[in-house]
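# Chains, contacts and geometry: an overview
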Amino acid sequence: AKEINGESEPLELLERVLGLAIELEDVEGLWVWFHDKDAEELQLRASQGLDDDSQDLLAQVPSDSALLNQLLIGNEVVAEWEYVWEESAFALRKAGWSDLAVWPLCSNGKTVGALGAGLRGGRNFTSGTKMILRTIAVDLSGLIGRARVEADLRNSRYNLKQLFQAFADYVFIVQNNGQILY
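Every value quoted in this text rests on a predicted model; they were computed, and no experiment measured them.

### Here's the deal with the pattern of salt bridges
According to the stated counting rule, one finds two salt bridges in the structure shown. In this structure, Arg120 and Asp51 form a salt bridge, with 3.3 Å as the shortest nitrogen-oxygen distance. Taken together, the residues span a long stretch of sequence, with Arg120 in strand S5 (residues 110-120) and Asp51 in the loop between strand S2 (41-48) and helix H2 (52-57) at a distance of 69 residues. Taking the relative accessible area as the measure of exposure, Arg120 reaches 22% and is therefore partly exposed.

### Some remarks on the sheet that holds S5
Overall, antiparallel pairing links the five strands, which are arranged S3-S2-S1-S5-S4 in an open sheet. Each having just a single partner strand, strand S3 (60-61) and strand S4 (97-107) make up the two edges of the open sheet. Two elements, strand S1 (residues 29-36) and S5, share six bridges in a ladder whose sense is antiparallel. Bridge pairing links Val32 to Leu115 in S5.

### Quick notes on unusual backbone geometry
We note that Asn108 has phi near 55 degrees; this positive angle belongs to a residue other than glycine. Looking at the element boundaries, Asn108 is found in the loop between S4 and S5.

### Quick look at the pairing of S4
Within S4, 10 of the 11 residues are buried, which leaves the element mostly enclosed by the surrounding structure. When S4 meets S5, the two strands line up antiparallel, connected through 10 bridges. Residue pairing in the sheet places Trp103 in a bridge with Leu115 of S5. With antiparallel pairing between neighbouring strands as the criterion, S4 and S5 make up a hairpin whose turn holds two residues, including Asn108 at a positive phi of roughly 55 degrees.

### Some remarks on the environment of Phe125
Among the secondary structure elements, Phe125 is positioned in the loop between S5 and helix H6 (127-166). Residue Phe125 is classed as buried on the basis of its relative accessible area of 6%. The contact partners of Phe125, leaving out residues within four places of it in the chain, are Asp26, Val27, Asp99, Leu100, Ala101, Ala117, Gly118, Leu119, Lys130 and Leu133.

### Focus on the nonpolar core
Counting 23 residues, the largest nonpolar core has Leu30, Leu115, Leu133 and Leu140 as its most contacted members. Elements represented by at least two residues in this core include exactly helix H1 (10-21), S1, S4, S5 and H6. Sort the elements by how many residues they give to this core and H6 lands first, with five residues. Setting aside anything within four residues of it in sequence, one finds Leu115 in contact with Leu18, Leu30, Trp31, Val32, Ala101, Val102, Trp103, Leu105, Leu133, Ile136, Ala137 and Leu140. In this structure, Leu44, Leu50, Val77 and Trp85 belong to the second largest nonpolar core, which totals 18 residues.

### Section: helix H5 (residues 86-94)
Burial in H5 covers these residues: Ser88, Ala89 and Leu92. Viewed end-on, H5 has its buried residues packed into an arc of 120 degrees, placing them on one side of the element. Opposite the buried face of H5, by more than 90 degrees, sit the exposed residues Glu86, Phe90 and Lys94. Phi turns positive, to about 100 degrees, at Gly96, one or two residues after H5.

Analysis parameters
- Residues numbered from 1 in each chain as written.
- Predicted model: local features only at pLDDT ≥ 70, side-chain atom pairs only at ≥ 80, totals over all residues.
- Heavy atoms only, no water.
- Salt bridge = Lys/Arg side-chain N within 4 Å of Asp/Glu carboxyl O.
- Helix = DSSP H or I, 4+ residues; strand = E, 2+ residues; numbered from the N terminus.
- Buried < 20%, exposed > 50% of the residue type's maximum accessible area, 1.4 Å probe, protein only.
- Pairing = 2+ DSSP bridges.
- Contact = heavy atoms within 4.5 Å.
- Core = buried A, V, L, I, M, F, W, Y, C linked by side-chain atoms within 4.5 Å.
- Arc of directions from axis to C-beta.

The values reported here are purely geometric and, on their own, carry no functional implication.
Laid out in structure tokens, this is it:
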């Protein structure tokens, strides 16, 4: 988190975090899905280490997926992922992915997306790598929350500025306790 402080563009931050995390020894692919409330599905927004076929396979997680349901209730999926994403498991295995793990990204108590990671060649994630990726998911959740607060603050400032510009010709009489008399 210290390395990305000061940057303000959310997708740039996300790409930077994924770029740093892909350097982990036991990680060959990373991606982030965000929850599309209109379509009620997860959609791929950023990735590192994925070829085009894998990006196509991971492009979305449909609303009727058990994987999405697990993530929406805040559960990580780090074992037996084939059972919660049966519709894509065969294609992902055929593409060479041997282990996948997914952690929810939460903001204000709601799942807004997910961090996924993959390994190829029959290897599985170590418990240490899972712990690091879980920590990254928690940190990303914090960054998402902070980005949302900053966006809300910018909108509030803009709305307040618009309000005062609309009332530029009015005079307000305000008492010491903050009550507006006129």
